[in-house]
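# Structural overview for review
Each chain, written out:
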Amino acid sequence: MARNILFIMCDQLRWDYLACTGHPTIRTPNIDALAKRGVIFSRAYAQSTICGSSRMSFYTGRYVDSHGAAWNNFPLKVGEMTLGDYLRPLGRQTVLVGKTHMAADTEGMARLGIDPASVIGTRVAECGFDPYERDDGLHGSGPAGRYDPRPVRYNEYLREQGYDGDDGWDDWANAGEDEHGNLLSGWLLRNCTRPARVAEEHSETPYMTRRAMAFIDEAGDAPWCLHLSYIKPHWPCIAPAPYHAMYSAADVPAPVRSEEERADPHPLFQSFLNSRVSRTFSRDEVREAVIPAYMGLITQIDDQIGVLMRHLEAKGLLDETMIVFTSDHGDYLGDHWMGEKDLFHEPSVRVPLIVVDPSPAADATRGQVCDALVETIDLLPTFVAACEGPPQPHRLEGRALQPWLHGQSPANWREFVVSEYDYSVTPAAVALKVPPLQARMFMIADKRWKYIHAPGFRPMLFDLEQDPHELRDLGADPAHAGQCERMARALGEWGLRQSQRTAISDERIQSMRGASVRKGILLGFWDESELPDELLHEKWRGAREALR
């Protein structure tokens, strides 16, 4: 049993931008040390490649199709159970420091009379967490105002440190300046080579790390689950000194892309290729400016994880805390001629996942790499199991990872992983004239084949064994029609799963079998002679005797 759970999530961190997952030059010694103490799950996939919908799957243990919060700022409906709902009954405070990108179902709360200021209302509006400090890190300002208008404690902190103005996030932490003192926005990619104006110790990642340590100190002896959710290395990609200059163009891997991809692309792929961010990241000078800053931000996170681990060790908590390190999705960074994370190639949908289980049962697997097909919805059942809670498969669609962590090969492990993407609000839906209810994509993949279905279009298909970089889309190739049919059947079977009967468990259903007839609901019997003795009520015995 784990007394505590430390659930660390980065934002937009690719699976392959850690030293322990194969990056040739990045320095991540503290994350690598976690990997040596735990297990790297090398085939872990996000349930969506957009922040909000992916995170809602992490926090509910359910597929996007089940929880319905399919895009950023799509509300998570009232009634969906989340991490805190599962762990609080098991005696764990469930606390947030950082980002969730969760939108509250304010209409549903009002309909049910839930006071947003109450404890329950706060938890419903904060994805089940007690928010020690919520900060989604989306505080850009424009002519129409701020993207996220809520008060920002981090801005108050920056003012306390002597940074001028009311918008320190945009003006100091995510901005640089030129030789003349002019403000240079971190949103503009050419400025990524400059240091952020804020001192490193006052930047977002160290600040959130200190807030996490403050909670741990305040928690005392009470068991907890702490979700430390960093905004970085998500854009704006501008790093404080010295991290801004830690890497150079020489550290930027060559892009994974080919002209064949652009020759006759799938219509959706073409629409994403047409986006501004994809056209920009297809330029070498952009990648050579942005990726070193992206790497610097990752190494800053690594350094702060080192600070956090030393804090846990000093408090004697390392040996009783389950630690998870992961990301909500990846980033194309120019691979496949794309930026951002709008499709299902490996740089976008595959995530890093390291799990450190403190229990002695996990000693045999420390430092190992597991290539089982894992989904991010597996983490919540893993946390429940770590707290010795009962499995709840009628609600939780993931599967606990303890068998893999404890050196077992579980029977009937999944053969496929699934990810979903709702593109109804994107320019792609407009360009392709796809109505909102049809603007959806589904990926299903096994260890070799990846199949992508978008209603109204032909499928996409990649052979990950013969084409590990996913440069050849075989979806229109008649020679692979059989493989497409196999994957389509698997996706159809997934679509027919039971996912909405969440208010009643299988065990309760089984206990109900035959209960109505034992309580006098007698359907289809002709007369008393057909009733077995155990169903014959005393008041009917005379009638049966009269039939003899």
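Structure first, text after, so check above.
Attention here is on the structure that accompanies the text. As the structure is a computational prediction, the values presented were derived from the model and not from experiment. (Residues numbered from 1 in each chain as written. Predicted model: local features only at pLDDT ≥ 70, side-chain atom pairs only at ≥ 80, totals over all residues. Heavy atoms only, no water.)

## A word on the sheet that holds strand β11 (residues 321–327)
- Read across the sheet, eight strands follow the order β5-β4-β10-β1-β11-β13-β2-β14 without closing on themselves; strand pairing throughout is mixed. Strands at the two margins of the open sheet, each flanked by one partner only, are β5 (130–134) and β14 (368–370). Strand-to-strand twist in this sheet, taken as the mean axis angle between neighbours without regard to direction, amounts to 15 degrees.
- Sheet analysis places β11 next to strand β13 (residues 353–356), joined by four bridges and oriented antiparallel. (Pairing = 2+ DSSP bridges. Helix = DSSP H or I, 4+ residues; strand = E, 2+ residues; numbered from the N terminus. Axes fitted to C-alpha atoms, helices over the stretch in contact; angles between N-to-C directions.)

## Focus on the sheet that holds strand β16 (residues 417–422)
- With respect to topology, four strands assemble into an open sheet ordered β16-β17-β18-β19, the strand pairing being antiparallel. At either margin of the open sheet sits one strand with a lone partner, and together these are β16 and β19 (460–463). The mean angle between the axes of side-by-side strands here comes to 15 degrees, regardless of whether they run parallel or antiparallel.
- Contacts between helix α18 (residues 481–495) and the sheet are confined to β16, β17 (440–445), β18 (449–453) and β19, with β18 contributing the most and set at about 65 degrees to the helix. (Contact = heavy atoms within 4.5 Å.)

## Side note on the packing of aromatic side chains
- Enumeration over the complete set of coordinates arrives at 17 aromatic pairs.
- Three or more aromatic residues joined by ring pairs form one cluster here, namely Phe7, Phe58 and Phe383.
- Directly above the aromatic system of Trp172 lies the positively charged group of Arg197, at a separation of 3.7 Å from the ring centroid.
- One cation-aromatic arrangement involves Arg497 over Trp494; the distance from NZ or CZ to the ring centre is 4.0 Å. (Phe/Tyr/Trp six-rings, centres within 6.5 Å; stacked < 30°, edge-to-face > 60°. Lys NZ or Arg CZ within 6 Å of the ring centre and 35° of its normal.)

## Focus: empty space enclosed by the protein
- Counting across every chain of the model gives two cavities of 30 Å³ or more.
- Here the largest cavity defines a volume of roughly 60 Å³.
- What lines the largest cavity is Ala173, Ala196, Ser203, Glu204, Thr205, Lys232, Ile238, Pro240, Leu297 and Gln300.
- Broken down by class, the residue content of the lining of the largest cavity amounts to five nonpolar, three polar and two charged.
- In this model, the second largest cavity occupies a volume close to 50 Å³.
- Along the walls of the second largest cavity sit Gly98, Lys99, Asp135, Glu204, Met208, Ser229, Tyr230 and Ile231, which together make up its complete lining.
- Broken down by secondary-structure element, the contributors of at least two residues to the lining of the second largest cavity are α9 (204–219) and β10 (224–233).
- The dominant element in the lining of the second largest cavity, judged by the number of residues it contributes, is β10, at three residues.
- Tallied by class, the residues present in the lining of the second largest cavity amount to three nonpolar, two polar and three charged. (1 Å grid on protein atoms, 1.4 Å probe; cavity = no way out; pocket = protein on both sides within 12 Å on 5 of 7 lines; lining within 4 Å. Points joined across faces, edges and corners; volume = space filled by probe spheres on them. Nonpolar A, V, L, I, M, F, W, Y, C, P; charged D, E, K, R; others polar.)

## Concerning the nonpolar core
- Core analysis: the largest hydrophobic core is formed by 59 residues, its most contacted members being Leu6, Trp224, Leu226, Met309, Leu312, Ile323 and Phe325.
- Among the elements that take part in this core, helix α13 (residues 284–314) stands out by supplying twelve residues, more than any other.
- Aside from chain neighbours lying at most four places away, what touches Leu312 is Leu6, Ile216, Trp224, Leu317, Leu318 and Ile323.
- With 40 residues, the next largest nonpolar core counts Phe58, Leu96, Val374 and Trp413 among its residues. (Core = buried A, V, L, I, M, F, W, Y, C linked by side-chain atoms within 4.5 Å. Buried < 20%, exposed > 50% of the residue type's maximum accessible area, 1.4 Å probe, protein only.)

## Comments concerning the packing of helix α1 (residues 29–37) against α13
- The interhelical angle for the contact between α1 and α13, taken along N-to-C directions, is 55 degrees, at an axis separation of 7 Å. Looking at the two axes, α1 sits oblique to α13. Between α1 and α13, the residues in contact are Pro29, Asn30, Ile31, Leu34 and Arg37 and Asp302, Asp303, Ile305, Gly306, Met309 and Arg310, respectively.
- The class makeup of the residues in the contact of α1 with α13 is five nonpolar, two polar and four charged. (Parallel < 35°, antiparallel > 145°, perpendicular 65-115°, else oblique.)

Distances and angles like these do not, on their own, reveal function.
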